Amino acid sequence: MERNFKIAGFGGQGVLLAGEVLANAFMLAGLNVTWYPSYGAEMRGGTVNCEIVMSDEEVSEVNKSDTDFVVALNQASFDKFLATIKKGGWMIANSSLIKEIKTRADINYLFAPISKLAEEVGNIKMANILALGLVAKASKLISIENLEKALDNVIPTHRKNLLPLNIKALKIGYEYDLLHV
Amino acid sequence: MATQVFKIPESLRDNVKYSFCPGCDHGVAVRLVAEVIDELGIRENSILVASIGCSVTTYDFLNVDSLEAPHGRALAEATGVKRAQPDKVVFTYQGDGDFASIGLAESMHSALRGEKLTAICINNTTYGMTGGQLGPTTLLGQVTTTSPTGRNLEYYGYPIKIAEHIALCDGTAFSARVSLDSVANIRKAKQAIKKAFEVQIHGLGFGFVEILSTCPTNWKMTPDKAHTRVREEMMPIFKPGIYKDITIN
Amino acid sequence: MPECLTNKKVLTKGNYAIANAAVLAGCQCYFGYPITPQSEIGEFMSGKMQELKRAYVSAESELAAINMVIGATSTGVKAMTSSSSCAVALMQEGLSYATADELPVVLVSVMRGGPGLGNIYPSQGDYFQATKGGGNGDYKLIVLAPSTVQECVDLTYKAFYLAHKYKNPTVLLADGLLGQMMEPVEFYDYPYPEIDNSKWALTGAKGRDGRIIRSYAPLADNQCVFLEKLFQKYKTIEENETEWEEINTEDADIVLVSFGSTSRNVKTAMKLLREKGLKVGFFRPITLFPFPTKRLAELSKTAKKFVTVEVNMGQMVNDVRLAVNGACPVELINKGVGAPPSAQEIVSRIEAL
C-alpha cells in the first residue's frame, strides 16, 4: 500500500517541517517513506510545498501527479492542489485563510480553522503541527504517539522547550471534531 | 688542509640533466631554494607543488616530495596539501603567467586565507616555455611574439606588480621582490626566500617572493645583456624591496 | 541534520546523507564552492569538519576546489569535493590531471538541468560528463549512481574505497531529486578495509629521495606505456567492480534500463506492466563506469527489446546500444529535465511502442 500527502502553504508556515515530522512518524512506524520539497523558482511567489510518500514496500516515485491527502494552509495552495486529489482523497484546508467552497463531489473536505486554533493554543506558528493532528485523524494511517515521537526527533535540542506546546497543538488537531465538517 | 667553500646543495638531486636554457636565471633561483631548504633542515619535511611553464621541471632538480599542478592551480593544490598535512613545509615554484595570470585567483585567495605556504614566483616578463608571448608582467613597449610592435595600452593594458598586490592581502606575512642580476642581489634574494619559508614554519601566514629573472632565449639577448635589461628596464618598474614583513612591522 | 553515527534509522536528505557518510568514511578534507542543489553538503561539512578538527576550505572556485582535493589526496588522505553540473564542468581539467596523477579524488556530482546555467531541477544530463568526461586525453572515472538516500550513504562509502583501491578519481553521480529528498537511512561504520598509501603518498622524503606525482611525459613512448598501464587498470576495474540490479529479466521480452532516481519510477512501471501480463524486466546499472556491458549483451540474446528511460535527451541509451550491438532494438523514453516521467506515463509509453 502506498499513500502520498502534499502539505502546502505560505513560506514561513512551517510546511517543510510539518512534512518532515509526518515522514519521521511513518519511519517510526516501520514504514518506508520519502519526503520531497518544492524548491527553487517554484518557491517564489510565496507558496511552499512538500510531498510525503509512505509505503509498506519500496517507495518508488515522488513528484506524483495525483495525491491522496492535501493539506492546504493558504488559499493559493488550496487552488493549486485541489484538482490533483485522487477520487476519494482528502482536502484538509485551513478555513482561517481559505474560503469554504466545495467544488468537487468525489473527494472529502475537512475545513478547520487551523490558524485560529493554533492561536488559541498559544502560537499561530503551531498551525503546521496542528494540521498534522487533523491528518492523523482523517487518514487513520499514523498514530498520535508516533507523531509525538517524530516531533521529538525533528525539534532541535535548543528548541526542545517548544516540544510540549507542539504536542498540545498536535492533540488539539487530532481531537478536532470531524463532525464539524 | 683544504676547506670546502662551495658544494652542491643536498636538496638537489644527483645526475640531473640540466633542462633550463643557458644563462636563464631559473637555475640560480632553484639553487637558492635548495640552499635555503638545506639551511633550514627541512628537505625531509617539505612538499613542492610545481607549476606549468619552464618551472615545471623544478621537481627534476629539487630532491623533495613533489606534486605537479595544472597551469595556475599550484596554490590550490598546495592549499590541499597543507590542509591535509599541516606539519609539512609546503611551497610552490611558479612563473609569472602561472601565478599572476591564469592562477591569480588561486594566488590571491591563498594569500587572503593566510595559508601557511611559501610561493616563489619567477617574473621574466614573458611566457618562456611556449616561445616568448606576452604575459601579465610584460612591460609597456616590450616586443613579444604576441605584441609584435610592443605592449601598448590600447590592446594589452598594464603589467601587474605582483609583490605589491600580494602585500595588500591581509593573510600575507611576507612579500618581497628580488633580483638575480648581481651577486649582492642574489644574496638578498636568498635571504628573502629564507624569510618566506620561515614565516610559514612559524605559522605566521603566507610567504611570497617574486624573483626578477632573465629569459635570454626569448629576449634574444646574451645572459649578460639580459641582466642589464633586468637592471635598466625591469627594476625601475618592478622595484625590488620588501613590501610586507609582519615580523618587523 | 543527522548526528555523525547513529544506531537507529534517521530521516535525512540525500545531501546530508552523503556528507555524513563521507565524514564516517574518514574523509579528512572537504573543499567546495556552493551550488544548488547540493549546497547542504558544504554547509554540513563546514560545521562538522571544524568540530572534528579536520580540513574544510570554502574554495574560491570549483577550479580551486578540485585542485585542493588533488593536493590533499596526493598525501594519501581521503578528501572530496561536491558540486553540480555547470560547476562540475569547471572541474574537468582537474579530473583529467587526477586520473593521470592516479589520485583517489572523490567528487560528488548532484546533477541539475543544463546546458549552460540551465536550472536547479533534477536531471540526468551529466551522464556523459561523468562517464565520458570533458577533460583532455584518454581516461575514465569510476562512476556510482545511487537511487535512494540509503544508497547515497552506501555508495559514498564505496566511492572512497574504490578511489583508494584503484587510485582513480571516483564520482558519486546523484541528482537534485536525491539530494533534496528525505528518506530513512542507517549509518554504519566504514565497511571497507583501509588501503595502504605509504608506497606513493607525498609525506616528506624522510630517508629517501623525493617522490614526484606528475602527469608531464615529455617522451611519446613513455606516455604510451603509461596509457597501456592505465587502461589495464580500467580493465581490472571492469572485471571486479561492475555492479547492477536486475529484476524479472530472465523471461523478459522488454528490458527497461534506467539509472539513479529515474529507476525508481521505472521499477514501479515494470511491476504495473507485469500486472498487465506483459513480460517486462528491470535493469539498473549501479556503476556507470564500469558499465554492465557484458550482462546487457547476455540479456540481448533472450530479450526482444530494450527501452532506456532517462531524464536527458538520450545519453545512457548509447551505451545500452553498444552493449546490445544490434541484437535487438533499443528505444528511448526520456524527458529533458525535471522529475522523472511518472510510472503511469512510462507504462503508457511502453504500451504505445
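Every value quoted in this text rests on a predicted model; they were computed, and no experiment measured them.

What follows deals with the interface of chain C and chain B. Every contact between the two is made by 35 residues of chain C and, on the other side, 31 residues of chain B. When contributions to the side of chain C that touches chain B are tallied by element, the ones reaching two or more residues are β2 (29-32), β3 (55-58), α3 (62-73), α5 (92-101) and β10 (212-213) of chain C. For the side of chain C that touches chain B, the element with the highest residue contribution is α3 of chain C, accounting for 8 residues. The residue inventory of the side of chain C that touches chain B, partitioned by class, reads 18 nonpolar, 11 polar and 6 charged. Looking at chain direction, strand β2 (residues 65-68) of chain B and β10 of chain C are connected through 2 bridges and run parallel.

Turning our attention to the arrangement of the chains. In this assembly, 2 pairs of chains are in contact, and the pair contributing the most contacts is chains B and C. Of all C-alpha pairs spanning chain A and chain B, none lies closer than 29 Å, and the two are not in contact.

Moving on, we come to the environment of T249 of chain C. Residues and elements named next belong to chain C. Along the chain, T249 turns up in the loop between β11 (244-247) and β12 (254-257). Exposure remark for T249: the 20 C-beta atoms within 10 Å place this residue in the buried category. Sequence separation between T249 and A89 is 160 residues, and the spatial gap between their C-alpha atoms is 36 Å. If sequence neighbours within four positions are ignored, T249 has contacts with V255, G281, F283 and L299.

Turning our attention to the packing of α3 of chain C against α5 of chain C. The geometry of a pair of packed helices is captured by two quantities: the angle between their axes and the separation between those axes. Residues and elements named next belong to chain C. At a closest axis distance of 9 Å, the pairing of α3 and α5 adopts a crossing angle of 15 degrees. Our classification of the angle between α3 and α5 gives roughly parallel. Here α3 runs over α5; the crossing is right-handed. Touching I66, N67 and I70 of α3 are G94, L95, Y97, A98 and D101, all from α5. A per-class count over the contact of α3 with α5 returns 5 nonpolar, 2 polar and 1 charged.

Right, let's get into the sheet that holds β11 of chain C. Residue and element names in this part refer to chain C. Taken in spatial order, the 5 strands line up as β11-β13-β12-β15-β16 in an open sheet, and their pairing is mixed. Edge positions in the sheet fall to β11 and β16 (330-334), since each of these pairs with one other strand and no more. For this sheet, the mean inter-axis angle between neighbouring strands, taken without regard to orientation, is 20 degrees.

Along an α-helix, residues three or four positions apart point the same way, because every turn accommodates 3.6 residues. Residue and element names in this part refer to chain A. For helix α3 (residues 114-121), every residue scored as buried is listed here: I114, S115, L117, A118 and V121. Mapping the buried residues of α3 onto a view down its axis gives an arc of 160 degrees, with all of them on the same face. Buried residues belonging to α3 abut β5 (85-94), β6 (108-112), α4 (127-139) and α6 (163-175).

Glancing now at the interface of chain A and chain C. Listed per partner, the contact involves 17 residues of chain A and 21 residues of chain C. With 5 residues, strand β2 (residues 32-37) of chain A is the largest single contributor of residues to the side of chain A that touches chain C. The class makeup of the residues in the side of chain A that touches chain C is 8 nonpolar, 6 polar and 3 charged.

This brings us to the packing of α4 of chain A against α6 of chain A. Residues and elements named next belong to chain A. Running from N to C, α4 and α6 point in directions that differ by 40 degrees, and their axes come no closer than 6 Å. As judged from the angle between their axes, α4 and α6 are oblique. Handedness of the crossing formed by α4 with α6: right-handed. Contact with α4, carried on its side by I129, L130, A131, L132, G133, L134, A136 and K137, involves N166, A169, L170, K171, I172, G173 and Y174 of α6 and no other residues of that element. Residue composition of the contact of α4 with α6, grouped by class: 10 nonpolar, 3 polar and 2 charged.

Regular strands show a simple pattern: their side chains alternate between the two faces of the sheet. Residue and element names in this part refer to chain A. Bridge count for strand β1 (residues 2-10) against strand β3 (residues 47-55) is 9 bridges, and the pairing is antiparallel. Note on β3: the bridge partner recorded for F10 is T47. Pairing analysis gives 4 bridges linking β1 to strand β4 (residues 67-72), with the strands arranged parallel. Each bridged residue has a counterpart across the sheet, and for F5 the counterpart in β4 is F69.

This part covers the sheet that holds strand β4 (residues 118-123) of chain B. Taken in spatial order, the 8 strands make up an open sheet running β7(B)-β5(B)-β6(B)-β4(B)-β3(B)-β1(B)-β2(B)-β10(C), and their pairing is mixed. The two strands at the open ends of the sheet, each matched to only one other strand, are β7 (241-245) of chain B together with β10 of chain C. The sheet contacts of helix α8 (residues 183-201) of chain B involve β3 (89-95), β4, β5 (172-179) and β6 (206-212) of chain B, and relative to β5 of chain B the element is tilted by about 165 degrees.

All names here are of chain C. Here chain C is described as being made up of domain 1 (10-194 + 230-238) and domain 2 (245-352). Of note, the centres of domain 1 and domain 2, computed from C-alpha atoms alone, are 26 Å apart. For the side of domain 1 that touches domain 2, the elements supplying multiple residues, two or more each, are β6 (119-122), α6 (127-131), β7 (142-144), β8 (170-175), α8 (176-180) and α9 (220-241). A total of 4 residues in the side of domain 1 that touches domain 2 trace back to one element, the largest contributor, which is α6. Among the residues forming the side of domain 1 that touches domain 2, the class breakdown is 15 nonpolar, 7 polar and 3 charged.

Moving on, we get to helix α7 (residues 149-166) of chain C. Residues and elements named next belong to chain C. Helix length check: α7 (18 residues) gives 25 Å between terminal C-alpha atoms against 26 Å at 1.5 Å per residue, within 8%. Within α7, 14 of the 18 residues are buried, which leaves the element mostly enclosed by the surrounding structure. Positive phi shows up at K167, right after α7, with a value of about 50 degrees.

Calculation rules
- Residues numbered from 1 in each chain as written.
- Chains lettered and ligands numbered in written order.
- Predicted model: local features only at pLDDT ≥ 70, side-chain atom pairs only at ≥ 80, totals over all residues.
- Contact = placed C-beta atoms within 7 Å.
- Helix = DSSP H or I, 4+ residues; strand = E, 2+ residues; numbered from the N terminus.
- Nonpolar A, V, L, I, M, F, W, Y, C, P; charged D, E, K, R; others polar.
- Pairing = 2+ DSSP bridges.
- Buried ≥ 20, exposed ≤ 12 C-beta atoms within 10 Å, placed from the backbone.
- Axes fitted to C-alpha atoms, helices over the stretch in contact; angles between N-to-C directions.
- Parallel < 35°, antiparallel > 145°, perpendicular 65-115°, else oblique.
- Left-handed = near helix turned anticlockwise from the far one by under 90°.
- Arc of directions from axis to C-beta.
- Domains from an automatic or database assignment.
- Expected span 1.5 Å × (residues − 1).

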